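# Coordinate inspection notes
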Amino acid sequence: MLLLMRSLLHLRLLLLFVPVATAQQPAPCTQPEAAALDFWVGTWDLAWTNADGSDGQGTNTISKTLGGCVVHEDFQDTTPDGTGFAGQSVSVFDARSGLWKQTWVDNAGGYLLFTGAPDAEPMEVRTAPFANPQGQSQINRMVWTDVSGDALTWRWQSSTDDGATWTDRWVIAYARAE
């Protein structure tokens, strides 16, 4: 009986400290690093030059969801007589790893995973190395540059020398629609 009473006392003492420990935890997604993509939030008109030299256009709506923890992207190619390419991504700052993590999916069956440091200048996220069709190790990345309140440049780039040099594959000029 004495052992049972001691166990109950220990349990009560433990329960007294659990709420204090929980209350001291920071609110989710409030670290300064979790705001690294806030510049991207909004509705954007997009313009680019296609590989054949024709003009491309689209929209991209970026919002914060799930209590402000997730950056959700909704991309639409609106080029007249275009491909109708569309895709979405979700990005989150993973406090445990200290990295941004993004997942991209699209209507062409594409699925990509990216990671990036929140303090990179310029902001970027990269794929893991993979073997391209030529058998080379390749890394892809997205980079946001020339960021201002109403505009930015987004670059899709690739590297086959472990990031020593980068080649633009797709450059999009963003202009805020709102």
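Structure report, in brief.

Here is what the cut-offs are and how they apply
- Counting from 1, residues in each chain are numbered in the order their sequence is written.
- Local features are withheld for residues below a pLDDT of 70 in this predicted model, meaning they are given only at 70 or higher, and side-chain atom pairs are given and counted only at 80 or more; totals for whole chains, interfaces and linings count all residues.
- Each side-chain value is derived from all of the structure's non-hydrogen atoms; neither hydrogens nor water enter the calculation.
- Grid points spaced at 1 Å and placed over the protein atoms alone form the basis of the search, with a cavity being a set where a 1.4 Å probe fits but cannot get out and a pocket an open set showing protein on both sides within 12 Å along at least five of seven lines. Lining residues have an atom within 4 Å of a point.
- Grid points are joined across faces, edges and corners, and a volume is the space filled by probe spheres set on the points.
- Counting rule for disulfides: a pair of cysteine sulfur atoms within 2.5 Å.
- In DSSP terms, a helix is any run of H or I states spanning at least four residues, a strand is any run of E spanning at least two, and both are numbered starting from the N terminus.
- For every residue, the accessible area (1.4 Å probe, protein chains only) is compared with the maximum for its type, and the residue is labelled buried under 20%, exposed over 50%, or partly exposed between those bounds.
- When a carboxyl oxygen of Asp or Glu is within 4 Å of a side-chain nitrogen of Lys or Arg, the pair counts as a salt bridge.
- Lys, Arg, Asp and Glu make up the charged group, whereas Ala, Val, Leu, Ile, Met, Phe, Trp, Tyr, Cys and Pro make up the nonpolar group; the residues left over, Gly among them, are polar.
- Each patch is built from residues that are more than 30% exposed by relative accessible area and take part in no salt bridge. Like charges join if they lie within 9 Å; nonpolar side chains (Val, Leu, Ile, Met, Phe, Trp, Tyr) join within 5 Å.
- Note that accessible areas follow from Shrake-Rupley with a 1.4 Å probe, and for residues the cover is restricted to the protein chains shown.
- Between any two strands, at least two bridges found by DSSP are needed for them to pair.

Turning our eyes to something else, we now look at empty space enclosed by the protein. The full count for this structure, using the stated rule, is one cavity of 30 Å³ or more. Taken as a whole, the largest cavity spans an internal volume of roughly 40 Å³. Along its surface, the largest cavity is lined by Cys29, Ala34, Lys64, Gly68, Cys69, Val71, Phe93 and Trp100.

Another aspect to go through is the state of the cysteines. This structure, assessed with the given rule, holds one disulfide. Here cysteine 29 engages in a disulfide with cysteine 69; their sulfurs sit 1.9 Å apart. Disulfide cysteine 29-cysteine 69: the torsion about the S-S bond is 110 degrees, which places it as right-handed. On the criterion of sequence distance, the pair formed by cysteine 29 in the loop between helix H1 (2–23) and strand E1 (42–49) and cysteine 69 in the loop between strand E2 (55–65) and strand E3 (70–77) is long-range, its members being 40 residues apart. Residue class for cysteine 29 comes out partly exposed when judged on its relative accessible area of 25%.

One pass over the full model with this rule turns up six salt bridges. The residue aspartate 94 makes a salt bridge to lysine 101 at a minimum N-O spacing of 2.9 Å. Judged by its relative accessible area of 34%, lysine 101 is partly exposed. The network of salt bridges with shared partners includes Asp94, Arg96 and Lys101.

All right, on to the layout of surface pockets then. As a volume, the largest pocket reaches approximately 260 Å³. Lining the largest pocket we find 17 residues, and of these Phe85, Trp104, Trp154, Trp156 and Trp170 sit closest to its centre. Contributing elements (two or more residues each) for the lining of the largest pocket: E3, strand E5 (99–106), strand E6 (111–116), strand E10 (151–159) and strand E11 (167–176). One number sums up the size of the second largest pocket: a volume of about 160 Å³. Lining of the second largest pocket is provided by Trp48, Thr49, Asn50, Ala51, Asp77, Thr83, Phe85, Arg169, Trp170 and Val171. Elements represented by at least two residues in the lining of the second largest pocket include exactly E1 and E11. At three residues, the largest contribution of residues to the lining of the second largest pocket is made by E11. For the lining of the second largest pocket, the class distribution of residues is five nonpolar, three polar and two charged.

Another point: unusual backbone geometry. Note the cis peptide between glutamate 121 and proline 122, where omega equals 5 degrees. You will see that leucine 66, though not glycine, has its phi angle at about 50 degrees, which is positive. Along the chain, leucine 66 turns up in the loop between E2 and E3. Owing to a relative accessible area of 67%, leucine 66 belongs among the exposed residues under this scheme. Residues other than glycine seldom take positive phi values, yet aspartate 162 does so here, at roughly 60 degrees. Assignment of secondary structure puts aspartate 162 in the loop between E10 and E11.

Here we take up a nonpolar patch on the surface. Judged by side-chain polarity, Val105, Tyr111 and Leu113 come together as a nonpolar surface patch covering roughly 300 Å² of accessible area. Examined against the element boundaries, leucine 113 turns out to sit in strand E6.

Another aspect to go through is the pairing of E11. Within a regular strand, the side chains alternate between the two sheet faces. In this sheet, E11 lies alongside E1 in antiparallel orientation, the contact comprising four bridges. What sits directly across from aspartate 45, in E11, is alanine 175. Strand direction decides the pairing type here: E10 and E11, joined by eight bridges, are antiparallel. Paired with glutamine 157 across the bridge in E11 is aspartate 168.

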